[in-house]
Amino acid sequence: DDEGLEIDGSNNRVVANRARGNSSDSFEIGGDDNRLVFNKATSGGREGFEIEGIGNVVKNNRAINNGGTGFRLEGSQTRVQSNRAINNADCGILVDDDAFDNTIKKNRVRGSGESGILVEKDAYGNVITRNSVKGNGLNDGLAKSVEEAEFFDMQDEDNGAEANTWYRNRFETSNQDYIQ
């Protein structure tokens, strides 16, 4: 009836766990220098993975059919790499306001109800590279064109081209010309 797994400490290794059908976040990580590898969050009520703290590694995990965001990043200097976010109700990967100096690399995101990868307005210094992000947003098919869309495969809340680095991503829609 709550989180599947909640860790508030540091230097933990969370490997090959499954959280399914939790009413809250499936994995909530609040400490520093934790490593999450080969975990799966399925059909949770909110976020699949909520990552706070500094210097965490989130690699080769899956967030599928969650009621919120697949991966929500609220900390700094964290690496989110080679994960899959599929059919989550909100964003596939969300870089929260004030999250900085994170790397989002080689992830696959599809079928998100909102944006595939969203970097919120006050997030900065993040590097988003080599991700495959397709088939997300477009207001659940209600938008008649990309110009009418509220959500995109890749979305930066107008931080400006100098705030975050976007390169070598594969996507169909984005809201900024500097997203590559």
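In case you missed it, the structure is sitting above this.
Since we're looking at a predicted model, the values are computed, not measured. Every chain's residues receive numbers from 1 upward, in the order its sequence appears when written. The predicted origin of the model limits local features to residues at a pLDDT of at least 70 and limits the giving and counting of side-chain atom pairs to 80 or more, whereas totals for whole chains, interfaces and linings rest on all residues. Hydrogens and water molecules were not included; the side-chain quantities draw on all heavy atoms of the structure.

Draft legend 1. Just the sheet that holds strand β17 (residues 127-129), in detail. Two strands are counted as paired when DSSP detects at least two bridges linking them. The helix and strand labels rest on DSSP assignments: H or I over at least four residues marks a helix, E over at least two residues marks a strand, and numbering proceeds from the N terminus. Strand order across the open sheet formed by 7 strands is β2-β5-β8-β11-β14-β17-β20, with parallel pairing between neighbours. The sheet is open, and its two edges are formed by β2 (13-15) and β20 (165-167), each paired on a single side. The mean inter-strand angle of the sheet, taken between neighbouring strand axes irrespective of direction, is 5°. Sheet analysis places strand β14 (residues 103-105) next to β17, joined by 3 bridges and oriented parallel. Angles shown run from 0 to 180 degrees and are taken between the N-to-C directions of axes, each axis being a line fitted to C-alpha atoms and, for helices, limited to the stretch in contact.

Draft legend 2. Layout of the nonpolar core. Take the buried residues of types Ala, Val, Leu, Ile, Met, Phe, Trp, Tyr and Cys, join any two whose side-chain atoms come within 4.5 Å, and each joined set is a nonpolar core. The classification of residues rests on relative accessible area computed with a 1.4 Å probe and restricted to protein chains. Under 20% of the type maximum is buried, over 50% is exposed, and intermediate values are partly exposed. In terms of nonpolar packing, the biggest core is built from 29 residues, with Phe49, Ile104, Ile117 and Trp166 touching the most fellow members. Looking at this core, the elements with two or more residues in it are β4 (27-29), β7 (49-51), β10 (71-73), β13 (93-95) and β16 (117-119). Any two residues whose heavy atoms approach within 4.5 Å are treated as being in contact. Beyond its immediate chain neighbours, meaning those up to four positions away, Ile117 contacts Ile93, Ile104, Val109, Ile128, Asn131, Val133, Asp153, Met154, Gln155 and Trp166.

Draft legend 3. Spatial organisation of unusual backbone geometry. The backbone of Asn11 sits at a positive phi, close to 60°, despite the residue not being glycine. Phi is positive for Phe38, which is not a glycine, with a value near 60°. Along the chain, the position of Phe38 falls in the loop between β5 (35-37) and β6 (40-42).

Draft legend 4. Region of interest: a negative patch on the surface. In this analysis, a patch consists of residues with relative accessible area above 30% that form no salt bridge, clustered at 9 Å for like charges and at 5 Å for the nonpolar side chains Val, Leu, Ile, Met, Phe, Trp and Tyr. Note that accessible areas follow from Shrake-Rupley with a 1.4 Å probe, and for residues the cover is restricted to the protein chains shown. Any carboxyl oxygen of Asp or Glu within 4 Å of a side-chain nitrogen of Lys or Arg constitutes a salt bridge here. Positive charges are assigned to Lys and Arg, negative charges to Asp and Glu, while His and the chain termini are left out of the count. Working definition for charges: the position is that of NZ of Lys, CZ of Arg, CG of Asp or CD of Glu. Together, Asp97, Asp98, Asp122 and Glu157 line one region of the surface with negative charge. Here Glu157 shows up in the loop between β19 (154-156) and β20. When its relative accessible area of 31% is taken as the criterion, Glu157 is described as partly exposed.

Draft legend 5. The arrangement of the sheet that holds strand β15 (residues 108-110) in detail. Read from one edge of the open sheet, 7 strands run β3-β6-β9-β12-β15-β18-β21, paired in parallel fashion. One side of each edge strand has no neighbouring strand; the edge strands of this open sheet are β3 (18-20) and β21 (170-171). Pairing between strand β9 (residues 62-64) and strand β12 (residues 84-86): 3 bridges, direction parallel. Residue pairing in the sheet places Ile64 in a bridge with Ile86 of β12.

Draft legend 6. Layout of the layout of surface pockets. Computed over the protein atoms alone on a 1 Å grid, cavities are sets of points where a 1.4 Å probe fits but cannot get out and pockets are open sets with protein on both sides within 12 Å along at least five of seven lines; a residue lines them when it has an atom within 4 Å of a point. Grid points are joined across faces, edges and corners, and a volume is the space filled by probe spheres set on the points. Looking at the largest pocket, its volume works out to about 190 Å³. For the largest pocket, the lining is made up of 14 residues, of which Phe38, Asn39, Asn60, Asn61 and Arg62 are closest to its centre. Among the residues forming the lining of the largest pocket, the class breakdown is 2 nonpolar, 6 polar and 6 charged. Classification convention: Asp, Glu, Lys, Arg as charged; Ala, Val, Leu, Ile, Met, Phe, Trp, Tyr, Cys, Pro as nonpolar; all other residues, Gly among them, as polar.

Draft legend 7. Expanded view of the side chain of Asp96. Inspection of the secondary structure puts Asp96 in the loop between β13 and β14. By relative accessible area, Asp96 is classed as buried at 12%. If sequence neighbours within four positions are ignored, Asp96 has contacts with Arg72, Leu73, Glu74, Glu120 and Ala123.

Draft legend 8. Broad picture of the environment of Gly116. Along the chain, the position of Gly116 falls in the loop between β15 and β16. With 18 residues separating them in the primary sequence, Gly116 and Lys134 have C-alpha atoms 7.3 Å apart. For Gly116, the residues in contact, after removing those within four places along its chain, are Cys91, Gly92, Ile93, Val109, Val133, Asn136, Phe152 and Asp153.

From the geometry alone we can't say anything about function, so treat these as descriptive.
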